[in-house]
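Report on the structure
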Amino acid sequence: MARNCLVVNLDRCIGCYSCEVACKMENDIAMGERWNKVLQIEPAGVFPDVQTYWLPVQCQQCEGAPCVHVCPTGASYRDEETGKVLVDKSKCIGCRYCMMACPYGVRSWNKEQKVVEKCTMCSHLTSAGEKPACVKNCCGTARFYGDLDDPNSDVSKELAKYPAESIHHLPDVGNGPISAYILSPKIAKWAGEDVHQTTSKYMTTEGSVD
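Residues numbered from 1 in each chain as written. Predicted model: local features only at pLDDT ≥ 70, side-chain atom pairs only at ≥ 80, totals over all residues. Heavy atoms only, no water.

Quick look at the confidence of the model for the protein
As a reminder, the rule being used: Confidence scores here are pLDDT values: one per residue, from the predictor, ranging 0 to 100. Contacts are residue-level and defined by heavy atoms, with any inter-residue pair within 4.5 Å sufficient.
Averaged over the protein, the pLDDT score is 91; the fraction of residues at 70 or greater is 93%. Contacts for the low-pLDDT stretch residues 200-210, under 50 throughout, to residues beyond four places or in other chains number 33 contacts.

Encoded structure:
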């Protein structure tokens, strides 16, 4: 089974929010909901040695996806061909167990359809050989999509450029997130271990505390 995921190079991310906008436009996401959210990691340090960076957060395509385990109807599932964690809306009963189970709070509730939604890595595009909308529209060329098990994929080639100390993942609570982030120590100190469903210290696009 493929291990398709996203890799985001934070050394190159300029915090333009193009990925958020492209995701919403491509997938017709309702106002107030996001499948991809960009957090501004608050400035840290003492002037003039201050660090800050932006951290886009979306489905981490966990190997042991808790959202799939808790779904009572099979609406949340892993596609056997692509390895992607997806939602079959026709089976969703709106119990929202998967939203509670997600360690990162990256699932959304569609109030109109009364179903749960999430990042699909633009399966309708990638199945046709295209890149996800967020990857295509990244102004800083910071986002990559592909199969981690394919050494010739964009994600594998990008990760291969950096030492282990520059490669990071969101907190693993037994779910095994495979989406990865690149952040070199010379740019900033990684603070992603603080990002979880109840994160309350970083700012979102709306300017509110998330």
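Examining the pattern of salt bridges
Worth spelling out the cut-off: Salt bridges are defined as contacts in which a side-chain nitrogen from Lys or Arg sits within 4 Å of a carboxyl oxygen from Asp or Glu. Only DSSP runs of H or I reaching four residues or more are called helices, and only runs of E reaching two or more are called strands; each is numbered from the N terminus. Three exposure classes are used, based on accessible area relative to the maximum for each residue type with a 1.4 Å probe and protein chains only: buried under 20%, partly exposed in between, and exposed over 50%.
Scanning the model with the defined rule gives six salt bridges in all. Here Arg34 ties to Glu20 by a salt bridge, and the two come within 3.3 Å at their closest N and O atoms. Of this pair, Arg34 sits in the loop between helix H1 (18-27) and strand E2 (37-46) while Glu20 sits in helix H1, placing them 14 residues apart in sequence. In terms of burial, Arg34 and Glu20 fall into one category: buried. With its nearest N and O atoms 3.3 Å apart, the salt bridge here joins Glu130 to Lys136. Among the ionic contacts, a cluster of salt bridges with common partners joins Arg3, Glu63 and Asp149.

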